[in-house]
Amino acid sequence: MSEPLLRVENLHTSFFTDSGEVQAVNGVSFDLNRGEVLGIVGESGSGKSVTAYSIMQILADTGKVVEGNVYYKGENLLKYTKHQLQSFRGKCCSIIFQDPMTSLNPVFTVGNQIMEAIRLHTDKKGDEIKARAIEMLQLVGINEPEKRIKQYPFELSGGMRQRVMIAMALACEPDILIADEPTTALDVTIQAQILELIQDLQKKMGMAVILVTHDLGVIADMCSTIMVMYGGRVCERGTADEIFYNPKHEYTKGLLRSIPNASNMKKRLIPIAGVPINMLNMPKGCAFCTRCDNAMKICLSEQPEELTINDSHKASCWINVRDAQIAQGVK
């Protein structure tokens, strides 16, 4: 079996604040293969975005990867020099942030910002750089690209700004694209267009994609693999079919009950009870135990190990362990 394009091993990331250490990511591991689309799902504070930022090493000053490894083509990114990281970002791995208005520099034209990325990470010179910028704007569906490269971010709509961000991220044809909540600030119609655009470009360019979102409905048709996170840990991982039609973690089941779909359109949606976990005061056991209707005594005191359902489907839930023991006749 070939080596994965990206391998994350036992990643731990913390933020050191005046109130104490916030353990934002706790032991996350996964592989990303060439051409694969991985969805990372979870509510705010689950650690999904911090996982992405840890890979690119763009954490805030208070943040630090305290344990683990991140390998790109077999090389440990956490041991890269500053110069190597600058080359990795943009050329090998690019990111689309959730709010294009704050991600784009308001005092430079969009063309200037796209061309800067091309200038930094490719061998193109002079008119070649401008031609590539225009080509990228055309690729992401922006009309009159020769006119748009002269405009400033405030002159464009939210959907167009996000398309500019995608053009900038893909201008150097990276192996990996990380999309961090790429549709959050957009209306529903534009959301669908942006997701379809990312999907089309992924197929056309053959890149691997990590799609970070709080909405399972967003990634239903896009992702080959889905990873569900809560409290900085991976609760469950599997194919889209396994996550949607055979969920094994109580948190995943709660997420699915809280989103509208064809089977529950006439039913009242059921929100997940309780409030998100306090990352400064993590429970000893399962991070979801205080909000789980089916929590057992062991859930409060011990963290569940990841149980293999099949080759592609795994979940960290004591209920699965109990059910497996019952099936094997173990008391």
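Up top you'll find the structure we're talking about.
First things first, this report covers the structure right here in the doc. Treat the numbers as computed from the prediction; the structure is a model and nothing was measured.

Reading the values: the criteria
Residues numbered from 1 in each chain as written. Predicted model: local features only at pLDDT ≥ 70, side-chain atom pairs only at ≥ 80, totals over all residues. Heavy atoms only, no water. Phe/Tyr/Trp six-rings, centres within 6.5 Å; stacked < 30°, edge-to-face > 60°. Helix = DSSP H or I, 4+ residues; strand = E, 2+ residues; numbered from the N terminus. Buried < 20%, exposed > 50% of the residue type's maximum accessible area, 1.4 Å probe, protein only. Pairing = 2+ DSSP bridges. Contact = heavy atoms within 4.5 Å. Axes fitted to C-alpha atoms, helices over the stretch in contact; angles between N-to-C directions. Arc of directions from axis to C-beta. 1 Å grid on protein atoms, 1.4 Å probe; cavity = no way out; pocket = protein on both sides within 12 Å on 5 of 7 lines; lining within 4 Å. Points joined across faces, edges and corners; volume = space filled by probe spheres on them. Nonpolar A, V, L, I, M, F, W, Y, C, P; charged D, E, K, R; others polar. Patch = residues over 30% accessible without salt bridge, like charges linked within 9 Å, V, L, I, M, F, W, Y side chains within 5 Å. Areas by Shrake-Rupley, 256 points an atom, 1.4 Å probe, with all protein chains shown as cover. Salt bridge = Lys/Arg side-chain N within 4 Å of Asp/Glu carboxyl O. Polar contact = N/O pair within 3.5 Å; in protein donor to acceptor, adjacent residues only side chain to side chain.

### Section: the packing of aromatic side chains
- On inspection of all chains with the given rule, the structure shows 7 aromatic pairs.
- Centre to centre, the rings of Tyr 72 and Phe 88 are 5.2 Å apart; their planes meet at 65 degrees, and the pair counts as edge-to-face. Placement of the pair is Tyr 72 in strand 4 (residues 63–72) and Phe 88 in helix 2 (residues 82–91), with a sequence separation of 16 residues. Taken as a pair, Tyr 72 and Phe 88 share a single burial class, namely buried.
- Taking 6.4 Å as the distance between ring centres and 85 degrees as the angle between the ring planes, the aromatic pair formed by Tyr 80 and Phe 88 counts as edge-to-face.
- What links up through ring pairs into an aromatic cluster is the set Tyr 72, Tyr 80 and Phe 88.

### Some thoughts on the sheet that holds strand 9 (residues 225–230)
- Spatially, the 8 strands line up as an open sheet ordered 6-7-8-3-9-10-12-11, and their pairing is mixed. Two strands in the sheet have a free side with no partner beyond their single neighbour: strand 6 (93–96) and strand 11 (307–308).
- Judged from the 5 bridges that link them, strand 3 (residues 37–41) and strand 8 (residues 208–213) form a sheet pairing that is parallel. Bridge pairing links Gly 39 to Leu 211 in strand 8.
- Packed onto the sheet, helix 1 (residues 48–56) meets strand 3, strand 6, strand 7 (176–180), strand 8 and strand 9 and runs at close to 145 degrees relative to strand 8.

### Re helix 2
- Those residues of helix 2 that sit buried are Leu 85, Phe 88 and Gly 90. Projected onto a plane normal to the axis of helix 2, the buried residues spread over an arc of 165 degrees and lie on a single side.
- Check the buried side of helix 2 and you find it contacts helix 1, strand 4, strand 6, helix 4 (110–121) and helix 7 (158–170).

### Looking at empty space enclosed by the protein
- Enumeration according to the criterion identifies 1 cavity of 30 Å³ or more in this entry.
- Of the volumes computed, that of the largest cavity is approximately 80 Å³.

### A closer look at the layout of surface pockets
- Put simply, the largest pocket is a space of about 540 Å³.
- As for the largest pocket, its lining consists of 21 residues, of which Gly 90, Ile 95, Phe 97, Ala 117 and Met 168 are closest to the centre.
- Per-element accounting of the lining of the largest pocket gives the leading share, 6 residues, to helix 4.
- Estimated volume of the second largest pocket: approximately 450 Å³.
- Taken together, 22 residues form the lining of the second largest pocket, with Phe 30, Asp 31, Thr 225, Arg 237 and Asp 311 sitting closest to its centre.
- Taken together, the residues that form the lining of the second largest pocket break down as 7 nonpolar, 8 polar and 7 charged.

### Some points on the side chain of Ser 316
- For Ser 316, the position within the fold is in the loop between strand 12 (314–315) and helix 13 (318–327).
- Ser 316 has contacts with Val 234, Cys 235, His 249, Pro 304, Glu 305 and Glu 306, leaving out every residue within four places of it along the chain.

### Things to note about the sheet that holds strand 5 (residues 75–76)
- Strand order in the open sheet made by the 4 strands is 2-1-4-5, with antiparallel pairing throughout. The sheet is open, and its two borders are formed by strand 2 (20–32) and strand 5, each paired with just one other strand.
- Bridging between strand 4 and strand 5 involves 2 bridges; their strand directions are antiparallel. Within strand 5, the position partnered with Tyr 72 by the bridge is Glu 75.
- On top of the sheet, helix 1 reaches strand 1 (6–17), strand 2 and strand 4; it is set at about 105 degrees to strand 1, its chief contact.

### Observations concerning a nonpolar patch on the surface
- Judged by side-chain polarity, Met 101, Tyr 152 and Phe 154 come together as a nonpolar surface patch covering roughly 290 Å² of accessible area.
- What makes Met 101 partly exposed here is its relative accessible area of 30%.

### Concerning the side chain of Ser 49
- Looking at where Ser 49 falls in the secondary structure, it is placed in helix 1.
- On the basis of relative accessible area, Ser 49 is assigned to the buried category, the value being 19%.
- For Ser 49, the side chain forms a polar contact with the side chain of Asp 180, separated by 2.8 Å.
- Excluding residues that lie within four positions of it along the chain, Ser 49 makes contacts with Asp 180 and Val 212.

### A few points about the environment of Glu 9
- Along the polypeptide, Glu 9 turns up in strand 1.
- Given a relative accessible area of 31%, Glu 9 falls into the partly exposed group.
- Sequence-wise, Glu 9 and Gly 27 are 18 residues apart; in three dimensions their C-alpha atoms are separated by 7.6 Å.

### Examining the environment of Met 222
- Its place among the elements puts Met 222 in the loop between helix 9 (216–219) and strand 9.
- Looking at Met 222, the relative accessible area reads 12%, which means it is buried.
- Separated by 50 residues in the primary sequence, Met 222 and Ile 272 place their C-alpha atoms 25 Å from one another.
- When sequence neighbours within four positions are dropped, the list of residues in contact with Met 222 reads Val 37, Leu 195, Ile 198, Gln 199 and Leu 211.

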